[in-house]
Amino acid sequence: QVQLVESGGGLVQPGGSLRLSCAASGEILRINVMGWYRQAPGKQRELVAVIGSDGSTTYADYVKGRFTISRDNAKNAEYLQMNSLKPEDTAVYYCNCVYLSRVGKPGAAWGQGTLVTVSS
């Protein structure tokens, strides 16, 4: 079993910043891809950003230049620095990872989600 635990959500004013964290634990040999997704009320879950094991990154157009994804392989952790936040960034943010277990099985895991509210 692999578990992801997120933290760092909350209420912030437009133009403000937040940093989300996500830590993975369990029978992990290696994490390949880590990512952040979000789901706003009444909408489908959408990609925010992903980062490969080599540090390569991909961002959704609507967060480019404002959000930065990073990871700490030694801690099996990832982070999302969110700057210049807008009301439309309000959503539940989920972390995700694609991993190889210690017994050699591939898998994917999701965090429980953390709410980010951007409002004045």
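Keep in mind it's a predicted model, so treat the numbers as computed, not measured. Here the residue numbering is sequential within each chain, running from 1 through the sequence in written order. For this predicted model, a pLDDT threshold of at least 70 governs which residues receive local features, and a threshold of 80 or more governs which side-chain atom pairs are given and counted, while totals over whole chains, interfaces and linings are taken from all residues. The side-chain numbers reported here are obtained from all heavy atoms of the structure, hydrogens and water having been left aside.

Q: An account of the overall build of the protein chain is needed here, citing residue identities and associated values.
A: A helix here means a DSSP run of H or I that spans at least four residues, while a strand means a run of E at least two residues long, and both kinds are numbered starting from the N terminus. When its secondary structure is counted, the protein chain shows 0 helices and 11 strands. Using C-alpha atoms as the atom set, the radius of gyration is obtained and then compared with a globule rule of 2.2 Å times the number of residues to the power 0.38. Computed over C-alpha atoms, the radius of gyration of the protein chain comes to 14 Å, within 12% of the 14 Å expected from 2.2 N^0.38 for 120 residues, which places it in the range of a compact globule. Dimensions of the protein chain, computed from the C-alpha atoms along their principal axes, are close to 50 × 25 × 25 Å. Type-normalised accessible area, obtained with a 1.4 Å probe on protein chains alone, sets the label of each residue: buried when under 20%, exposed when over 50%, and partly exposed for intermediate values. Counting across all 120 residues of the protein chain, residues that qualify as buried make up 42%. For the protein chain, the accessible surface area stands at approximately 6,400 Å², while carbon and sulfur atoms represent 49% of it. The charge count treats Lys and Arg as positive and Asp and Glu as negative. His and the chain ends do not count. For charged residues, the charge sits on one atom: NZ in Lys, CZ in Arg, CG in Asp, CD in Glu. Considering the protein chain, the positive charge centre built from 12 side chains and the negative charge centre built from 9 side chains are found 2 Å apart. Surface exposure here means Shrake-Rupley accessible area, sampled with a 1.4 Å probe, where a residue is shielded only by the protein chains that are shown.

Q: So, the sheet that holds strand β3 (residues 18-26): which residues are in play, and what are the values?
A: What the 4 strands build is an open sheet, ordered β1-β3-β8-β7; its pairing is antiparallel. Among the strands making up the open sheet, the edge pair consists of β1 (2-7) and β7 (67-72). Adjacent strand axes in the sheet meet at a mean angle of 15 degrees, parallel and antiparallel pairs treated alike. Here a strand pair is declared whenever DSSP counts at least two bridges between the two strands. Bridging between β3 and strand β8 (residues 77-82) involves 6 bridges; their strand directions are antiparallel. Note on β8: the bridge partner recorded for Cys22 is Glu78. The axes used here are C-alpha line fits, helices contributing only the stretch in contact, and every angle between their N-to-C directions lies in the interval 0 to 180 degrees.

Q: Provide a residue-level description of the state of the cysteines, including the pertinent values.
A: Disulfides are defined in this document as cysteine sulfur pairs within 2.5 Å. Inspection of every chain in the model, using the stated rule, returns 1 disulfide. At a sulfur-sulfur separation of 2.1 Å, the disulfide partner of Cys22 is Cys95. Across the disulfide from Cys22 to Cys95, rotation about the S-S bond amounts to roughly 55 degrees, and the bridge is consequently right-handed. Of the two residues, Cys22 sits in strand β3 while Cys95 sits in strand β9 (residues 91-101), which places them 73 residues apart along the sequence. Judged by relative accessible area, Cys22 falls into the buried class, the value being 2%. Looking at Cys97, it has no disulfide partner, and the nearest cysteine sulfur is the one in Cys22, 7.2 Å off. Since its relative accessible area comes to 0%, Cys97 is described here as buried.

Q: Describe the pairing of strand β4 (residues 28-39), naming the residues involved and giving the relevant values.
A: Of the pairings in the sheet, the one linking β4 to β9 comprises 10 bridges and is antiparallel in character. By the bridge assignment, Arg30 is partnered in β9 with Leu100. Across 5 bridges, the pairing between β4 and strand β5 (residues 46-51) is antiparallel. When the bridges of β5 are listed, Gly35 appears paired with Val50. Hairpin remark: β4 followed by β5, antiparallel, with 6 residues in the connecting loop; positive phi at Gly42, about 75 degrees.

Q: Explain the environment of Ser119 to me, and be specific about the residues and the numbers.
A: Mapped onto the fold, Ser119 is located in the segment after β11 (114-118). Taking the relative accessible area as the measure of exposure, Ser119 reaches 37% and is therefore partly exposed. When residues no more than four places from it in sequence are discounted, the contact partners of Ser119 are Leu11, Val12, Gln13 and Pro14. Note on contacts: a residue pair is in contact if any heavy atoms of the two residues lie within 4.5 Å.

These figures capture arrangement, not role.
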